[in-house]
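Okay, here's what each chain looks like letter by letter:
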Amino acid sequence: MKRILITLLLFLMTTGVFAATPPHPQGRLSDAEIESIIKTKLAKSKIGKDGMTVHVKNGIATWQGVTNVMQHKGAATRMAKTSGAIQVVNNIKISDEARAKAAGALLEPRRVEVKTK
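Now for a quick tour of the structure. (Residues numbered from 1 in each chain as written. Predicted model: local features only at pLDDT ≥ 70, side-chain atom pairs only at ≥ 80, totals over all residues. Heavy atoms only, no water.)

A few words now on the overall build of the protein. Within the protein one finds 4 helices and 3 strands. Ordered by position from the N terminus, the helices and strands of the protein form the series α-α-β-β-α-β-α. Going through the 117 residues of the protein one by one, you find that 23% of them count as buried. Taking as baseline every contact in the protein between residues at least 6 positions apart, the subset at least 24 positions apart corresponds to 56%. Carbon and sulfur atoms make up 60% of the accessible area of the protein, which totals about 9100 Å². (Helix = DSSP H or I, 4+ residues; strand = E, 2+ residues; numbered from the N terminus. Buried < 20%, exposed > 50% of the residue type's maximum accessible area, 1.4 Å probe, protein only. Contact = heavy atoms within 4.5 Å. Areas by Shrake-Rupley, 256 points an atom, 1.4 Å probe, with all protein chains shown as cover.)

Formed by 17 residues in total, the largest nonpolar core has its most connected members in Ile38, Ala61, Trp63 and Ala80. Broken down by secondary-structure element, the contributors of at least two residues to this core are helix 2 (31-44), strand 1 (53-57), strand 2 (60-67), helix 3 (70-82) and strand 3 (87-94). (Core = buried A, V, L, I, M, F, W, Y, C linked by side-chain atoms within 4.5 Å.)

Right, let's get into the sheet that holds strand 3. The strand order across the open sheet built from 3 strands is 1-2-3, with neighbouring strands paired in mixed fashion. This sheet does not close on itself; its edge strands, each paired only once, are strand 1 and strand 3. Going from strand to strand, the sheet's axes swing by 10° on average, the running direction of each strand aside. In this sheet, strand 2 lies alongside strand 1 in antiparallel orientation, the contact comprising 5 bridges. Paired with His55 across the two strands is Thr62, which belongs to strand 2. Sitting on the sheet, helix 2 touches strand 1 and strand 2, and the angle it makes with strand 1 is about 160°. (Pairing = 2+ DSSP bridges. Axes fitted to C-alpha atoms, helices over the stretch in contact; angles between N-to-C directions.)

Let us now look at helix 3. Of all the residues in helix 3, the buried ones are His72, Ala76, Met79 and Ala80. The buried side chains of helix 3 occupy one side of the element, clustering within an arc of 95° when seen end-on. Structural note: helix 3 exposes Gln71, Arg78 and Thr82 on the side pointing more than 90 degrees away from its buried face. Elements that come into contact with the buried residues of helix 3 comprise helix 2, strand 2 and strand 3. One or two residues past the end of helix 3 sits Gly84, with phi positive at roughly 115°. (Arc of directions from axis to C-beta.)

Mapped onto the fold, Thr67 is located in strand 2. At 2.6 Å, the side chain of Thr67 forms a polar contact with the side chain of Asp50. Ignoring sequence-local partners within four residues, the contact set of Thr67 consists of Asp50, His72, Ile92, Lys93, Ile94, Ser95 and Ala98. (Polar contact = N/O pair within 3.5 Å; in protein donor to acceptor, adjacent residues only side chain to side chain.)

Now for the pattern of salt bridges. Two side chains that carry opposite charge are able to pair once their charged atoms sit near each other. Taken as a whole, this structure holds 1 salt bridge when the rule is applied. With its nearest N and O atoms 3.0 Å apart, the salt bridge here joins Lys39 to Glu35. Here the residue Lys39 and the residue Glu35 both occupy positions in helix 2, the gap between them amounting to 4 residues, near one helical turn. The exposure class assigned to Lys39 is partly exposed, which follows from its relative accessible area of 43%. (Salt bridge = Lys/Arg side-chain N within 4 Å of Asp/Glu carboxyl O.)

Limitation: the analysis is restricted to geometry and does not speak to function.
See below:
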């Protein structure tokens, strides 16, 4: 019985039943499918609150919008890639507020405490 369950589990894993995105008969997802996956992930993500938009054409995801968090730009690119986009054009602008905050963090002196025995 145990052998049958293991065989069944291995079969299901190799056929893509447990895959993050379902296998596509042509090997690549359609633009609508990629865009739908990205928008679903965006709705569940923290970066979804930034109001960024994405459009997919010929497998290329194009992002538009503005963010107040520098890391959200990179997160958007990774999100599109993991959703099936073959290329990403990231036109997301980083706000002046985010740039100033990042520059301030770089210029701020760090205090280091050295303990001796």
